[in-house]
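Residue strings, one per chain:
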Amino acid sequence: MFSFFAIFLWHSAYCDESLARTMPESKYLSNAQVNPYKLKLEGDSLRFEVMGTIPIESIMAIRNSKLRLNFLAQSRNLGLGDIPLTREGTAFRFEKSYSILFEDWMLGASLELQFVQQKRSGEEVLERKTLTKGVLAPQLMVKLGEVYSDEPIPEVGAYMLSGQADKDAVSREEFVFYFDPGQAQIKKNSAYQSSIKGLDDFLQRNPLVQSLKITGLQSPESAEGKSSQLGMSRAEAFKKDLATRLSAFPDSLIRVDSRWSDWFDLRLLLRDYEGISTQRKDEMYAVLLNREPFQDQYERLIKIPGFSQVQKDLFPKLRAVKIEVVSKPRKGLDMEQTRKLNEALKNTTSGSLLSFEEWIQAAEATNSLDEKAVIYSKMTEYFHSPLPYNNMAVVRMRQAQRTLDYGSKEILWDEADRLLVQAYRVEANPYALHNQGQILALKGSYWEAYKKLSDASVGVQNKDLIQKNEALRGALDILRGDYKLATLRFDYEFNDPKDYFNKGLAYYLIEDYAEANAAFEESVILGRTFGYGYYGLAMIAAGSGQAEIALIHLKRAVESNRQLAEKAFQDPVFQELRETQEFFSVFNSH
């Protein structure tokens, strides 16, 4: 899938080599530079300064010479005008500041300085120099719910639910199974039977599985060996062992993975471990979060008093498989309720034979958006409530997510907005405001979206709606440039990897890399196939000069999402990495 990039890189390298052979050695612009060296998006603008000197003896032989600055992309050329030359001693000095409105095409553009001679026959470019390429703009990676190819469709909109309990809430539970040192053979002892019974009971209570993740772990103990395959072998063994229980679930819901040379699970175990003092635990956390290579961290850990006890007590718990299940309870109507529902939908009755709660139960029980729309539409005939209008609007929003045609999306968004206006007329409520804000954000009307979401935040009681609303406000805060405020919006435990990625971006942009690293890691844990969490970790590692770690994370990112491969090729944060052969091997191996 990366053949395009391989060809592009070969072509670029060839062109650069040819240019080096044909262009004269730098004569005029060798001292030219731009500050900052890597252009950075600030608000809606790029601000930088171009400066340097040209020796007098070089320029005096040339008449009518001038300096010209251009912003060049493959299909765009923004002329930034001439730069005046001022004589100072034995050189001509130039210095000029710029502030230009940012446009998306600039992300991959080059800032080129040209030394030009004006002749009667026209202009002649005597020398060119690329001062910098690309723009640092991590804030533009923020996720607002947009749909991109090769990425899972984000779930947008907030349904109103009846009663006190959230009937749409998912349950998440983790089950752990342990192994003998160095073994991938399942031990079917009493501990195994107890965990299996817990898994069966959970699935019986929550049969509507959303995802099931089997993660194989292995301890750093020497008895576990040095092969990274042991954890995956353990995970595969459990997938085979659970085949009967998993037969009802599509393969797309089941993910098998492993962790190797990764301290994440030890950090989790340390949280509740009481075998060492809080001071020693803090010392270990400082090492585990310092972003050094795994082996270097291990060498530091063994020097901390008390770590030998940690090894003895906790390392055996890393010889394990973790099974994480996200699921919902079964919902729906009984046979008599279903008969009444069908009669109502066929217009064979003059009034509703079902209660308001039963109608909602019927709508929530179906996974079909079309069926939900029919039920909510019928509810508007029987009940004076904002719920059916709001929920039907959410259906239209989610249908818009599933079409690639922008015109069709706009039609669905407009219908959703009309329904939300009606929902608010029936009764002022924060759900309608939140959903209107989400639509505006998807349309790119960020300030209008922010105002709607701010209005929605007033008087909200539902915790899930508060979390959804604050997460979206935080994403918009990032785009608005208020990164510190954005970090405060993300003070929740999320179920969506995009929210942790957005949280990581906010901390990254205020240069709190420890918090950013933790958030990106959480994004990875919730959705390794999402890819963006790995990209965030790669940005942090590249910025701190940890090239090897950056390449490991970048490799995982582009394996998950080819959109991130394109991003990596033009992102200035990886500029130094792109000068190494190892960078290209990340892409050539796929």
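Look up a bit, the structure's there.
Residues numbered from 1 in each chain as written. Predicted model: local features only at pLDDT ≥ 70, side-chain atom pairs only at ≥ 80, totals over all residues. Heavy atoms only, no water.

Student: How should I be thinking about the side chain of glutamate 224 in this particular structure?
Tutor: In this structure, glutamate 224 sits in the loop between β11 (208–216) and α4 (229–241). Relative accessible area serves as the criterion here: at 4%, glutamate 224 is assigned to the buried category. Engagement of the side chain of glutamate 224 in a polar contact is seen with the backbone nitrogen of serine 219, the distance being 3.0 Å. In contact with glutamate 224, not counting residues within four places along its chain, are Asp180, Pro181, Gly182, Gln218, Ser219, Leu230, Arg234 and Arg319. (Helix = DSSP H or I, 4+ residues; strand = E, 2+ residues; numbered from the N terminus. Buried < 20%, exposed > 50% of the residue type's maximum accessible area, 1.4 Å probe, protein only. Polar contact = N/O pair within 3.5 Å; in protein donor to acceptor, adjacent residues only side chain to side chain. Contact = heavy atoms within 4.5 Å.)

Student: Can you walk me through the packing of aromatic side chains in this structure?
Tutor: Given two aromatic rings, their pairing is described by the distance between the two centres and the angle made by the two planes. Here the structure, examined in full by the defined rule, presents 30 aromatic pairs. Taken together, the ring pairs connect Trp263, Phe294, Tyr298, Phe307 and Phe315 into an aromatic cluster. Its guanidinium or amino end placed over the ring of tyrosine 450, arginine 473 lies 5.7 Å from that ring's centre, counting from NZ or CZ. The residue whose ring lies beneath arginine 480 is tyrosine 450, and the NZ or CZ to ring-centre distance is 4.3 Å. (Phe/Tyr/Trp six-rings, centres within 6.5 Å; stacked < 30°, edge-to-face > 60°. Lys NZ or Arg CZ within 6 Å of the ring centre and 35° of its normal.)

Student: Could you clarify how one ought to interpret the environment of leucine 85 in this entry?
Tutor: Tracing the backbone shows leucine 85 in the loop between β5 (77–83) and β6 (86–88). When the C-alpha atoms of leucine 85 and tyrosine 37 are compared, they prove to be 21 Å apart, with 48 residues separating the residues in sequence.

Student: How should I be thinking about the sheet that holds β11 in this particular structure?
Tutor: Hydrogen bonds between backbone groups are what pair the strands of a sheet, and the pairing can be parallel or antiparallel. The mixed open sheet is built from 4 strands, whose spatial order is β10-β13-β11-β12. Since the sheet does not close on itself, it has two edges, and those belong to β10 (171–178) and β12 (254–258), each with one partner. Neighbour to neighbour, the strand axes of the sheet diverge by 15 degrees on average, direction disregarded. In this structure, β11 lies alongside strand β13 (residues 320–328), joined through 8 bridges in antiparallel fashion. Considered in β13, the bridge of isoleucine 214 is made with isoleucine 323. (Pairing = 2+ DSSP bridges. Axes fitted to C-alpha atoms, helices over the stretch in contact; angles between N-to-C directions.)

Student: Even after reading the chapter, I still don't get the pattern of salt bridges, so can you show me in this structure?
Tutor: A side chain of one charge can pair with a side chain of the opposite charge when the charged atoms of the two come close. Evaluation of the coordinates by the stated rule reveals 29 salt bridges. When the shortest N-O distance is used, the salt bridge between lysine 66 and aspartate 82 registers 3.8 Å. Taken as a pair, lysine 66 in strand β4 (residues 65–72) and aspartate 82 in strand β5 lie far apart in primary sequence, 16 residues in all. Residue lysine 66 is classed as partly exposed on the basis of its relative accessible area, which comes to 25%. The shortest N-O distance in the salt bridge between glutamate 88 and arginine 93 comes to 2.9 Å. Accessibility expressed as a relative area gives 42% for glutamate 88, which makes it partly exposed. Through salt bridges with shared partners, one network takes in Glu470, Arg473, Asp477, Arg480 and Arg489. (Salt bridge = Lys/Arg side-chain N within 4 Å of Asp/Glu carboxyl O.)

Student: Quick question: what am I supposed to make of the packing of helix α6 (residues 264–271) against helix α9 (residues 307–314) here?
Tutor: The axes of two packed helices give the description: the angle between them and the distance between them. Remark: α6 packs on α9, axes separated minimally by 12 Å, with the N-to-C direction vectors making an angle of 100 degrees. By the angle class used here, α6 and α9 are roughly perpendicular. The segment α6 lies against α9, with Leu266, Leu269 and Leu270 engaging Phe307, Val310 and Leu314. Its residues assigned to classes, the contact of α6 with α9 comprises 6 nonpolar, no polar and no charged. (Parallel < 35°, antiparallel > 145°, perpendicular 65-115°, else oblique. Nonpolar A, V, L, I, M, F, W, Y, C, P; charged D, E, K, R; others polar.)

Student: What's the story with the nonpolar core in this structure? I'm lost.
Tutor: Counting residues in each nonpolar core, the largest one holds 52 residues, and the members touching the most others are Ile478, Tyr535, Met539, Phe574, Phe583 and Phe587. The element that contributes the greatest number of residues to this core is helix α21 (residues 532–543), accounting for 8 residues. Membership of the second largest hydrophobic core comes to 39 residues, among which are Ala158, Ala363, Ala416 and Leu420. (Core = buried A, V, L, I, M, F, W, Y, C linked by side-chain atoms within 4.5 Å.)

Student: Whenever I open this one, the sheet that holds β4 confuses me. Can you help?
Tutor: An order of β5-β4-β8-β9 is seen for the 4 strands of this open sheet, with the pairing classed as antiparallel. Only two strands of the sheet have a single partner each, and these edge strands are β5 and β9 (122–133). On average, each strand axis in the sheet is tilted by 25 degrees relative to the strand beside it, whichever way the strands run. In terms of strand pairing, β4 meets strand β8 (residues 110–119) through 8 bridges, oriented antiparallel. Directly across from leucine 67, in β8, lies its bridge partner phenylalanine 115.

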